[in-house]
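The lines below spell out each chain.
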Amino acid sequence: MLVVPVKEGENIERALKKYKKKYEKTGIMRELRSRKEFEKPSVTERQQKIKAAYKQRLRSAEI
């Protein structure tokens, strides 16, 4: 369970923003989406390789 301490006089919007950021960092939604459908390990590996190649191309283009 996520707990966000709210200081005296702090508005609710700021507390909500902190909560949302904390929630996003836990990765719960990402995990739920990935568990929604089974993905073969070979497909996962392929996607990771494509992503790595893309990042490498971006870095090499920067230099």
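About the criteria used
- Residues numbered from 1 in each chain as written.
- Predicted model: local features only at pLDDT ≥ 70, side-chain atom pairs only at ≥ 80, totals over all residues.
- Heavy atoms only, no water.
- Helix = DSSP H or I, 4+ residues; strand = E, 2+ residues; numbered from the N terminus.
- Contact = heavy atoms within 4.5 Å.
- Patch = residues over 30% accessible without salt bridge, like charges linked within 9 Å, V, L, I, M, F, W, Y side chains within 5 Å.
- Areas by Shrake-Rupley, 256 points an atom, 1.4 Å probe, with all protein chains shown as cover.
- Salt bridge = Lys/Arg side-chain N within 4 Å of Asp/Glu carboxyl O.
- Expected span 1.5 Å × (residues − 1).
- Buried < 20%, exposed > 50% of the residue type's maximum accessible area, 1.4 Å probe, protein only.
- pLDDT = per-residue confidence, 0-100.
- Lys, Arg positive; Asp, Glu negative; His and termini not counted.
- Charge placed at Lys NZ, Arg CZ, Asp CG, Glu CD.

Here's the deal with the side chain of E10
Consideration 1: Tracing the backbone shows E10 in the segment before α1 (12–26).
Consideration 2: Ignoring any residue separated from it by four or fewer positions in sequence, one finds E10 in contact with P5 and K18.

Remarks on a nonpolar patch on the surface
Consideration 1: A cluster of nonpolar side chains, namely I28, M29 and L32, defines an oily patch on the protein surface of about 250 Å² accessible area.
Consideration 2: Within the element layout of this structure, I28 appears in helix α2 (residues 28–36).

Quick look at α1
Consideration 1: Here α1 is 15 residues long and its end C-alpha atoms lie 21 Å apart, about the 21 Å a rise of 1.5 Å per residue gives.
Consideration 2: In terms of burial, α1 is largely open, as just one of its 15 residues are buried.
Consideration 3: Following α1 by one or two positions, G27 has its phi on the positive side, about 80°.

Points about the confidence of the model for the protein chain
Consideration 1: Chain-level pLDDT for the protein chain is 92 on average; 100% of the residues reach the 70-or-more range.
Consideration 2: At the low end of the mean pLDDT range in the protein chain sits α2, at 90; at the high end sits helix α3 (residues 41–62), at 95.

Focus on a positive patch on the surface
Consideration 1: A surface patch of like charges, here positive, comprises R14, K17, K21 and K25.
Consideration 2: With respect to the helices and strands, R14 occurs in helix α1.

Comments concerning the environment of A52
Consideration 1: Along the chain, A52 falls in helix α3.
Consideration 2: Sequence spacing of A52 and V3 is 49 residues, and the spatial spacing of their C-alpha atoms is 35 Å.

Observations concerning the pattern of salt bridges
Consideration 1: Using the criterion set out here, one finds two salt bridges in the structure.
Consideration 2: Residues K18 and E10 are paired through a salt bridge, measuring 3.2 Å at the closest nitrogen-oxygen approach.
Consideration 3: Assessed through its relative accessible area of 37%, K18 is described here as partly exposed.
Consideration 4: We note a salt bridge from R35 to E31, for which the minimum N-O separation is 2.7 Å. Placement of the pair is R35 and E31 together in helix α2, with a separation of four residues, close to one helical turn.

Re α3
Consideration 1: End to end, α3 covers 32 Å across 22 residues, agreeing with the expected 32 Å (1.5 Å per residue, within 8%).
Consideration 2: For α3, the buried fraction is low: zero of the 22 residues fall into the buried class.

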